[in-house]
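# Coordinate inspection notes
Given next are the chains, with one letter for each unit.
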Amino acid sequence: MRMPKNRGPARPQAEETLDAARLELGDDFQEAECLLISEVRVLLEAQYDAKKEDKNLKEVYTKTLEYVQKFSRYTNRDTIKEVRALLKPTELEAFECAQLGNLCCSEWEEAKSLVPSIGSKISDDDLDSLLKQMDSLKKYQG
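Small disclaimer: the values here were computed from a predicted structure and weren't measured.

Scanning the chain from terminus to terminus reveals six helices and zero strands. Secondary structure of the chain in N-to-C order comes out as α-α-α-α-α-α. Across the 142 residues in the chain, those meeting the buried criterion constitute 31%. Partitioning the intrachain contacts of the chain with sequence separation of at least 6 by distance along the chain shows that 66% fall at a separation of at least 24. Summed over its atoms, the accessible surface of the chain is roughly 10,600 Å², and 50% of this surface lies on carbon and sulfur atoms.

So this is what it looks like as structure tokens:
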């Protein structure tokens, strides 16, 4: 007679269903601040510059730095601040603002398709204006 393999303690079944489209991100993200990839790049580069002589930088750190440098939409701090200032007065949640800032959609339809939780929180015209302002900042950053 074969005994079943011991696979360790049984994992509890997740009771909550997470769905970013409905802003159901889980308890860990209730009070979390959402950053733009460009903001993460600024933070990691500042840390890197301070520690570039340290030979013990972890591979994950350097790979993450490479990733954010590749996908960062805004290259200078002033532009990042201006994008944040554009997004702040909206009725959007922090997660939605970060998504819009990271995705840099060119059309309001695309933005609402990729970030469906926006729904009717912002009019199509206001969203279109916001996206155009963000695009202008991206194009003319120094």
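The rest of the description comes next.
Further remarks concern the pattern of salt bridges. The final tally for this structure, using the stated rule, is seven salt bridges. Among the salt bridges present, the one from Lys 121 reaches Glu 96, with a minimum N-O distance of 2.9 Å. Taken as a pair, Lys 121 in the loop between α5 (108-114) and α6 (124-139) and Glu 96 in helix α4 (residues 94-103) lie far apart in primary sequence, 25 residues in all.

This next bit is on the packing of helix α1 (residues 37-51) against helix α2 (residues 59-71). Look at α1 against α2: their axes get within 9 Å of each other, and the N-to-C directions meet at 135°. Taken together, the axes of α1 and α2 lie oblique to each other. The element α1 and its partner α2 pack so that their crossing is left-handed. Contacts between α1 and α2 pair Ile 37, Val 40, Arg 41, Leu 44, Glu 45, Gln 47 and Tyr 48 from the former with Tyr 61, Thr 64, Leu 65, Val 68, Gln 69 and Phe 71 from the latter. A class-by-class count of the residues in the contact of α1 with α2 yields eight nonpolar, three polar and two charged.

The next point concerns α1. Between its first and last C-alpha, α1 extends 21 Å over 15 residues, near the 21 Å set by a 1.5 Å rise per residue. Among the residues of α1, those classed as buried are Ile 37, Ser 38, Glu 39, Arg 41, Val 42 and Leu 44. Check the buried side of α1 and you find it contacts α2, α3 (77-87) and α4.

Cut-off values and rules
Residues numbered from 1 in each chain as written. Predicted model: local features only at pLDDT ≥ 70, side-chain atom pairs only at ≥ 80, totals over all residues. Heavy atoms only, no water. Helix = DSSP H or I, 4+ residues; strand = E, 2+ residues; numbered from the N terminus. Buried < 20%, exposed > 50% of the residue type's maximum accessible area, 1.4 Å probe, protein only. Contact = heavy atoms within 4.5 Å. Areas by Shrake-Rupley, 256 points an atom, 1.4 Å probe, with all protein chains shown as cover. Salt bridge = Lys/Arg side-chain N within 4 Å of Asp/Glu carboxyl O. Axes fitted to C-alpha atoms, helices over the stretch in contact; angles between N-to-C directions. Parallel < 35°, antiparallel > 145°, perpendicular 65-115°, else oblique. Left-handed = near helix turned anticlockwise from the far one by under 90°. Nonpolar A, V, L, I, M, F, W, Y, C, P; charged D, E, K, R; others polar. Expected span 1.5 Å × (residues − 1).

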